[in-house]
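Observations on the model geometry
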Amino acid sequence: MRIAVFLPNWIGDVVMATPAINALWQGMSHGSLVAVGRPYVQGVIEGSPWFDQFVPAEPKKFWTTANRLRPLQCDLAILFPNSLRTAVTAWLANIPKRIGYDRYGRKPMLTEAVPPLRDAAGKIAVAPVLDAYNRLVATLGATPNRRMRLFTTPRDEAAAETVWQQFALARYPEVIALNPGAAFGAAKHWPAKYFAELADRLVKERGAGVLVLCGPNERDLARQIIEMSQHRDIYTLADVEPSLGLTKAIIRRSDLLVTTDSGPRHFAAAFGRPVVTLFGPTHIGWTETYHPGAIHLQRAVDCGPCQKRICPLDHRCMTELTPDLVYPAAAKLLAGHREAARAG
């Protein structure tokens with residue numbers, strides 16, 4: 001059997017789908033999995049044993065993606081995204097069995113339409129998407145758990161080693177990664193001056209080395225944090241060729257990640273690294289990962305969580321989450337990480 005797995009469109013959501021993907025893969029005595037997804041998420045699954053190939057899916061190009069899939073003669077499609085587009089694509093690709101959630105009017109395109117969880121009022125319930133992905137593959141008899149998994153490649157590790165040597169990070173007792181970006185929108189951003197203040201305190205009080213991560217569109221933000229900081233022991237990837245593989249490998253090596261609610265947050269959980277996540281406009285309930293080494297911080301404000309990409313007010317959900325509130329959470333996780341390392 002060949003199964004086409006339509007991956008989620010967000011990087012973090014792909015990571016949250018890995019328990020379901022792994023269960024699907026482990027439950028196959030023969031056959032193969034084909035990944036179908038946006039080109040920018042391919043780096044998330046690189047290094048994994050799950051997929052035989054990756055089929056790029058460009059937005060609004062149903063026929064192109066379907067034409068790429070049709071010769072593969074897939075027997076079944078698992079649709080993690082809830083969009084009508086993915087259901088139409090699987091149908092056009094002549095995949096005979098198509099499983100997904102009954103959302104956005106796509107039920108006629110599915111051979112098995114799984115009802116989503118709803119609250120007492122009949123609205124879509126706020127519940128972890130990780131569990132929703134697991135429910136989809138459970139319809140096939142798979143038995144997933146909640147353990148997210150990621151892998152790195154030798155190329156990724158070599159790139160991370162180059163960064164470690166470039167900044168002489170091995171000389172620090174702790175290396176802490178900061179991730180200020182968020183593809184969702186500016187409403188998720190924590191102020192750059194707050195990141196700089198936190199970095200300064202981590203260096204001054206713990207003697208840590210701090211590395212500011214960034215994607216290709218976040219270089220200026222990373223540089224801004226460096227310019228605002230007061231210490232030399234704070235570095236940035238702004239002048240390093242970015243890749244998801246490099247980000248994965250660096251987070252895997254780091255002692256702690258402090259991040260906005262964005263994809264790299266899930267990298268830390270998948271690699272079992274401690275992570276402090278700074279929540280603003282988004283609801284924690286959607287993206288709960290059950291990671292024991294995670295602390296979620298969110299201020300209770302009367303206007304949130306609003307789920308808006310751009311704040312129409314004063315961004316109080318993030319500005320009220322000050323470095324003085326974040327540092328103790330970071331220190332707590334670092335202490336636990338150090339204790340676990342001594343015990344292990």
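Our structure is the block above this text.
This structure is a prediction, so every number in the text was calculated from the model and none was measured.

Glancing now at the pattern of salt bridges. Under the defined criterion, the tally for this structure stands at 15 salt bridges. A salt bridge links D220 to R223; its shortest N-O distance comes to 3.3 Å. One end of the pair, D220, and the other, R223, are both in helix α9 (residues 219–228), three residues apart, so they sit about a helical turn from each other. According to the relative accessible area criterion, R223 is partly exposed, its value standing at 29%. Several salt bridges share partner residues, and in doing so they unite E157, E161, R252 and R253 into one network.

Moving on, we get to the nonpolar core. Counting 97 residues, the largest nonpolar core has L7, F80, L211 and L278 as the members making the most contacts within it. Here the element with the most residues in this core is helix α8 (residues 192–206); it accounts for eight residues. Contact partners of F80, with chain neighbours within four places excluded, come to V5, F6, P8, A17, A20, I21, Y133, L136 and V137. With 19 residues, the next largest nonpolar core counts V55, L79, A90 and A93 among its residues.

Right, let's get into the pairing of strand β5 (residues 97–101). β5 sits mainly inside the fold: four of its five residues count as buried. Where strand β4 (residues 76–79) and β5 come together, four bridges link them in parallel fashion. Looking at the pairing, L76 lines up with K97 of β5. Handedness of the crossover joining β4 and β5 through helix α5 (residues 84–92) is recorded here as right-handed. Sheet topology note: the β5/strand β6 (residues 112–114) ladder contains three bridges and is parallel.

Turning our eyes to something else, we now look at the packing of aromatic side chains. Summed over all chains, the structure comprises seven aromatic pairs. On the numbers, 6.5 Å between centres and 85° between planes, the contact of W50 with F51 is edge-to-face. The buried category is assigned to W50, whose relative accessible area is 2%. Aromatic side chains W50 and F151 sit 5.5 Å apart centroid to centroid with 80° between the ring planes, which places their arrangement in the edge-to-face category. Here F151 lies in the loop between α6 (129–138) and α7 (154–166) and W50 lies in the loop between α3 (42–45) and β3 (51–56), a separation of 101 residues in the sequence.

Reading the values: rules and limits
- Residues numbered from 1 in each chain as written.
- Predicted model: local features only at pLDDT ≥ 70, side-chain atom pairs only at ≥ 80, totals over all residues.
- Heavy atoms only, no water.
- Salt bridge = Lys/Arg side-chain N within 4 Å of Asp/Glu carboxyl O.
- Helix = DSSP H or I, 4+ residues; strand = E, 2+ residues; numbered from the N terminus.
- Buried < 20%, exposed > 50% of the residue type's maximum accessible area, 1.4 Å probe, protein only.
- Core = buried A, V, L, I, M, F, W, Y, C linked by side-chain atoms within 4.5 Å.
- Contact = heavy atoms within 4.5 Å.
- Pairing = 2+ DSSP bridges.
- Right-handed = clockwise from strand over helix to strand, strands pointing away.
- Phe/Tyr/Trp six-rings, centres within 6.5 Å; stacked < 30°, edge-to-face > 60°.

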